[in-house]
Amino acid sequence: MIRLEHISHHYAKEPVLHDISLQIEANSFNIISGESGSGKSTLLSVISTLLTPSKGKLFFDKTQSTQIKNMDIFRNRHIGFVFQFHYLISHLTVYENIALVSRKSKKDAQEVLKKLGILDLENKYPDEISGGQRQRAAIARAIINQPKYIFADEPTGSLDSKNSQIVFDILRELDATVVVATHELGYAQKDDTMITLKDGRLC
Ligand SMILES: Nc1ncnc2c1ncn2[C@@H]1O[C@H](COP(=O)(O)OP(=O)(O)O)[C@@H](O)[C@H]1O
Ligand SMILES: [Mg+2]
């Protein structure tokens, strides 16, 4: 469970997030939606510990983020990140990109690739596969160590609709608490938890 209490943020003078309180249940699938500039990436950055908000509190279960002694270790153990751009290393194969961060066996890595439908691409380099396949490889890298939390910012931002649907279906089925920021509404389903922002406020 993740809880936000009265989170506000401003980068410069202008406030970007206004007094946001919400709770994200364990193993739920959550979509942060809203127009461009509404604060989705900022909110996701706060929830995912990448950005310390100007005001307010963030809790992971009962622990406030400020009480986490070593944030690098916490992130490394518990959080998987997926971004719009895959950030795979072009000189490493799909398998090697995952092995680079993996604390699991080769067999486990191959299981994940299989689950994401890209096991046959394990020896390909990122520029030898499609955008949708690259994003699935980035998801494989994010989930290989079985983090409790997966945060994805516009993970389908550079994909066509077919691949976007595949990526949403994969993220939704993960055995983790998943939060996706997206301006694309077409992939939401009725059981998803929607966190909708307008000008930095929940609505
Ligand atoms: N690093 C930053 N420095 C200053 N302003 C920023 C920064 N990042 C975002 N903003 C501003 O904060 C507002 C919300 O941006 P963002 O969270 O990226 O929204 P979204 O992801 O919904 O497009 C925008 O007005 C944007 O210009
Ligand atoms: Mg954004």
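As shown above, the structure is provided for reference.
These remarks concern the structure in this document. (Residues numbered from 1 in each chain as written. Chains lettered and ligands numbered in written order. Predicted model: local features only at pLDDT ≥ 70, side-chain atom pairs only at ≥ 80, totals over all residues. Heavy atoms only, no water.)

What to know about the overall build of the protein
Logical step 1: Scanning the protein from terminus to terminus reveals six helices and 10 strands.
Logical step 2: Over its C-alpha atoms the protein spans a radius of gyration of 17 Å, differing by no more than 12% from the 17 Å that the globule rule assigns to 203 residues.
Logical step 3: When its C-alpha atoms are laid out on the principal axes, the protein stretches across 45 × 40 × 35 Å.
Logical step 4: The buried share among the 203 residues of the protein stands at 47%.
Logical step 5: Of the contacts formed within the protein by residues at least 6 apart in sequence, a portion of 71% connects residues at least 24 apart.
Logical step 6: As presented, the protein carries roughly 10700 Å² of accessible surface, and 49% of it is formed by carbon and sulfur atoms.
Logical step 7: Each charge class in the protein was averaged separately, 25 positive and 24 negative side chains, and the resulting centres sit 6 Å apart. (Helix = DSSP H or I, 4+ residues; strand = E, 2+ residues; numbered from the N terminus. Rg over C-alpha atoms; globule rule 2.2 N^0.38 Å. Buried < 20%, exposed > 50% of the residue type's maximum accessible area, 1.4 Å probe, protein only. Contact = heavy atoms within 4.5 Å. Areas by Shrake-Rupley, 256 points an atom, 1.4 Å probe, with all protein chains shown as cover. Lys, Arg positive; Asp, Glu negative; His and termini not counted. Charge placed at Lys NZ, Arg CZ, Asp CG, Glu CD.)

A word on the sheet that holds strand E10 (residues 201-202)
Logical step 1: Taken together, the six strands give an open sheet; going across it, the order is E6-E7-E8-E3-E9-E10, and neighbouring strands pair in mixed fashion. Each edge of the sheet is formed by a strand with only one pairing partner; in this case those strands are strand E6 (79-82) and E10.
Logical step 2: Packed on one face of the sheet, helix H2 (residues 71-78) meets E6 and strand E7 (149-153) and runs near 75° to E6. (Pairing = 2+ DSSP bridges. Axes fitted to C-alpha atoms, helices over the stretch in contact; angles between N-to-C directions.)

Some remarks on the pairing of strand E3 (residues 29-33)
Logical step 1: Extensive coverage of E3 is indicated by the burial of five of its five residues.
Logical step 2: Along E3, one buried face is formed by Phe 29, Ile 31 and Ser 33 and the opposite face, lined by Asn 30 and Ile 32, is buried too.
Logical step 3: Looking at chain direction, E3 and strand E8 (residues 177-181) are connected through four bridges and run parallel. Bridge pairing links Asn 30 to Val 179 in E8.

A look at helix H1 (residues 40-47)
Logical step 1: Along H1, six of the eight residues are buried, which leaves the element largely enclosed by surrounding structure.
Logical step 2: What H1 keeps buried is the set Lys 40, Thr 42, Leu 43, Leu 44, Val 46 and Ile 47.
Logical step 3: Where H1 terminates, the next one or two residues include Thr 49, which has phi positive at roughly 75°.

Regarding the pattern of salt bridges
Logical step 1: Overall, the coordinates contain five salt bridges when judged by the stated rule.
Logical step 2: A salt bridge links Lys 148 to Asp 61; the shortest N-O distance between them is 3.1 Å. Of this pair, Lys 148 sits in the loop between helix H5 (131-143) and E7 while Asp 61 sits in the loop between strand E4 (55-60) and strand E5 (63-64), and the two are 87 residues apart along the sequence.
Logical step 3: When its relative accessible area of 42% is taken as the criterion, Lys 148 is described as partly exposed.
Logical step 4: In this structure, Arg 75 and Asp 72 form a salt bridge, with 3.5 Å as the shortest nitrogen-oxygen distance. On the criterion of helical spacing, the pair formed by Arg 75 and Asp 72 is a turn pair, its members being three residues apart in helix H2.
Logical step 5: Among the charged side chains, a network of salt bridges with common partners joins Asp 169, Arg 172 and Asp 192. (Salt bridge = Lys/Arg side-chain N within 4 Å of Asp/Glu carboxyl O.)

What is shown is where atoms sit, not what they do.
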